[in-house]
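For reference, the chains in residue letters:
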Amino acid sequence: MKILAFESSCDETAVAVVEDGRRELSDMVASQADMHALYGGVVPEIASRKHVEVIAALTEQALAQANCTRQDIDAVAVTYAPGLIGAVLVGLSFAKSMAYGLGVPLIPVHHVRGHIAANYLAFPELEPPFLALAISGGNTLLVDVADYTDMHILGATRDDAAGECFDKAARVLELPYPGGKPMDDLAQGSKGGVYQLPHVHVDGAELDMSFSGLKTAVVNLAHHAQQVGQELDRAALARDFAQAVSDALVPRAMAAARQAGRKVIVAAGGVAANSIIRGDLEAACRREGCRLYLPPLKLCGDNGAMIGAQGYYEYLAGHTAGMELNAYATRDISQGA
């Protein structure tokens, strides 16, 4: 089964063709990062307009790379939530037109479910159940994946997502947008242990997280150093920041896995590319005898192949939609379309 998949929830336009949920035939991504770098973050209106400009041509490229014609496509999958509403609507509207024109099913896919499914492309042997740590620019979730389409949140951030905090900290350290990789590269220049950063616990919800205080602490440290004429150890601060994020994520992921009775842990999303978090997850899983799946770096960020992978399993579960399908800026991962 060949699925044409669309992803446009933020500042990447992505189109892919995926076969049987496990084989990537093509995956084309048009990034807008350089454009948004001028503003230090994503400008939603600009993102939406850029999606409109490139999505048709990108679709032609994805079909050509997959050596497919339109008649070879069996279904169309698309991110319908969550994300920047204007950006999501561009991909959804285009996907609707493709499904309608080809006379094939339209499959709605939750963006975070897609990130989790990226691992199916990299690891053919991976099957639910497992515990997923989904960490990206807009979402930070601990998800019990009981089956391909049966997912429940065990813990989540109460405020900022981990990826958003990396971008904000990078901006304070005068690093380019997006901040994840520059922060990771800078952190390699220090062993850390220089700055005391907050570790937040949510009373009564030990699996939940909060990152707004960590973001504020980095801003305050940088401003204080500037005001008193003190040189900021940028590499140490980047290292200590990443370690603080990891300290919030990894122990909770292990606790969630124990709570759910899972011995397999899967990481997903753009922040899963961070080397410190990856290393801490590997060490924790070795200690507790858990099998860990870390997606290759190219599948950590937003891409169309992950939507096609999850779309296959949504289709098998009977989760298709009509032309009335709407887009949503926020949506629980356990909710259907």
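Residues numbered from 1 in each chain as written. Predicted model: local features only at pLDDT ≥ 70, side-chain atom pairs only at ≥ 80, totals over all residues. Heavy atoms only, no water.

J.: Just to check I follow, could you spell out unusual backbone geometry for this structure?
T.: Residues other than glycine predominantly adopt negative phi, and peptide bonds predominantly adopt the trans conformation. The omega torsion of the bond from Ala-81 to Pro-82 falls at -20°, within 30 degrees of zero and hence cis. Going from Pro-128 to Pro-129, the amide bond is cis rather than trans, its omega being 10°. Structurally, Pro-129 can be placed in the loop between helix H4 (111-122) and strand E6 (130-135). Non-glycine residue Asp-20 carries a positive phi angle of around 55°. Within the secondary structure, Asp-20 is located in the loop between strand E2 (12-19) and strand E3 (23-31). Even without glycine at this site, Glu-174 takes up a positive phi of about 60°. Relative to the assigned elements, Glu-174 resides in the loop between helix H5 (162-172) and helix H6 (180-187). (Helix = DSSP H or I, 4+ residues; strand = E, 2+ residues; numbered from the N terminus.)

J.: Explanation requested: the sheet that holds E3 in the structure shown.
T.: Two orientations exist for strands paired in a sheet by backbone hydrogen bonds: parallel and antiparallel. Spatially, the 5 strands line up as an open sheet ordered E3-E2-E1-E4-E5, and their pairing is mixed. Both edges of this open sheet fall to E3 and strand E5 (106-110), since each of them pairs with a single strand only. Across the sheet, the mean angle separating the axes of adjacent strands is 20° when strand polarity is ignored. One ladder, built from 5 bridges, connects strand E4 (residues 75-81) with E5; its direction is parallel. Within the sheet, the bridge partner assigned to Thr-79 lies in E5 and is Val-109. (Pairing = 2+ DSSP bridges. Axes fitted to C-alpha atoms, helices over the stretch in contact; angles between N-to-C directions.)

J.: Just to check I follow, could you spell out the pairing of strand E8 (residues 150-156) for this structure?
T.: The side chains of a regular strand alternate between the sheet's two faces. Relative to E8, strand E7 (residues 140-147) is paired through 6 bridges, and the arrangement is antiparallel. Each residue of the ladder has a partner; that of Asp-147, found in E8, is Asp-150.

J.: Help me understand the environment of Leu-294, please; the structure alone is not making it clear to me.
T.: Mapped onto the elements, Leu-294 comes out in the loop between strand E10 (291-293) and helix H10 (304-316). Judged by its relative accessible area of 13%, Leu-294 falls in the buried class. Along the primary structure Leu-294 and Ala-272 are separated by 22 residues, whereas in three dimensions their C-alpha atoms are 7.4 Å apart. Excluding residues that lie within four positions of it along the chain, Leu-294 makes contacts with Asn-119, Phe-123, Ala-267, Arg-278, Leu-281 and Glu-282. (Buried < 20%, exposed > 50% of the residue type's maximum accessible area, 1.4 Å probe, protein only. Contact = heavy atoms within 4.5 Å.)

J.: When you look at the nonpolar core in this model, what are you seeing that I'm missing?
T.: One recurring pattern in soluble globular proteins: nonpolar side chains tend to sit buried together. With 53 residues, the main nonpolar core has Met-183, Phe-211, Phe-241 and Val-245 as its most contacted residues. Breaking this core down by element, the ones donating at least two residues are E6, H5, H6, helix H7 (212-228), helix H8 (234-260), strand E9 (264-268) and helix H9 (275-288). At 15 residues, the largest contribution of residues to this core is made by H8. Setting aside its immediate chain neighbours within four residues, Phe-241 contacts Cys-165, Phe-166, Ala-169, Met-183, Leu-197, Leu-214 and Val-218. Grouped together as the second largest cluster of nonpolar side chains are 36 residues, Ala-117, Val-266, Ala-268 and Met-306 included. (Core = buried A, V, L, I, M, F, W, Y, C linked by side-chain atoms within 4.5 Å.)

J.: It is not clear to me how the environment of Ser-190 should be interpreted in this structure. Could you clarify?
T.: Here Ser-190 lies in the loop between H6 and H7. Once the C-alpha coordinates of Ser-190 and Leu-142 are considered, the two residues, 48 residues apart in sequence, prove to be 29 Å apart. Non-local contacts of Ser-190, meaning those with residues more than four positions away in its chain, are made with Ala-235, Ala-236 and Arg-239. A distance of 2.9 Å separates a polar side-chain atom of Ser-190 from the backbone nitrogen of Gly-192. (Polar contact = N/O pair within 3.5 Å; in protein donor to acceptor, adjacent residues only side chain to side chain.)

J.: Mind showing me how you'd approach the sheet that holds E9 here?
T.: An order of E8-E7-E6-E9-E10 is seen for the 5 strands of this open sheet, with the pairing classed as mixed. Two strands bound the open sheet, and with one partner strand each, they are E8 and E10. Here the average twist between neighbouring strands, direction ignored, is 25°. By the bridge criterion, 6 bridges tie E6 to E7 in an arrangement that is antiparallel. Residue pairing in the sheet places Leu-133 in a bridge with Leu-142 of E7.

J.: Looking at this structure, I do not really get the packing of H4 against H10. What am I missing?
T.: Geometrically, a packed helix pair is captured by the angle between its two axes and the distance between the axes. In the contact formed by H4 and H10, the axes pass within 7 Å of each other and the chain directions differ by 95°. With respect to H10, the axis of H4 lies roughly perpendicular. Contacts between H4 and H10 involve His-111, Arg-113, Gly-114, His-115, Ala-117, Ala-118, Tyr-120 and Leu-121 from the first element and Ala-305, Met-306, Ile-307, Ala-309, Gln-310, Tyr-313 and Glu-314 from the second. Residues of the contact of H4 with H10, tallied by class, amount to 9 nonpolar, 4 polar and 2 charged. (Parallel < 35°, antiparallel > 145°, perpendicular 65-115°, else oblique. Nonpolar A, V, L, I, M, F, W, Y, C, P; charged D, E, K, R; others polar.)

J.: Would you explain the packing of aromatic side chains in this entry?
T.: The description of an aromatic ring pair rests on the distance of the ring centres and on the angle between the ring planes. In the structure shown here, the tally under the stated rule is 9 aromatic pairs. Relative to Phe-130, the ring of Tyr-120 lies with its centre 6.4 Å away and its plane at 65°, an arrangement referred to as edge-to-face. Taken together, the residues Tyr-120 in helix H4 and Phe-130 in strand E6 connect sequence positions 10 residues apart. The class for Phe-130 is buried, based on a relative accessible area of 0%. Judged by centre distance (5.0 Å) and plane angle (90°), the ring pair of Phe-166 and Phe-241 falls under edge-to-face. Within this pair, whereas Phe-166 is found in helix H5, its partner Phe-241 is found in helix H8, the two being separated by 75 residues in sequence. Using a relative accessible area of 4% as the deciding quantity, one classes Phe-166 as buried. Three or more aromatic residues link up through ring pairs in this structure, and these residues are Tyr-120, Phe-130, Tyr-148, Tyr-312 and Tyr-313. Against the face of Tyr-328 rests Arg-331, its NZ or CZ located 4.1 Å from the ring centre. (Phe/Tyr/Trp six-rings, centres within 6.5 Å; stacked < 30°, edge-to-face > 60°. Lys NZ or Arg CZ within 6 Å of the ring centre and 35° of its normal.)

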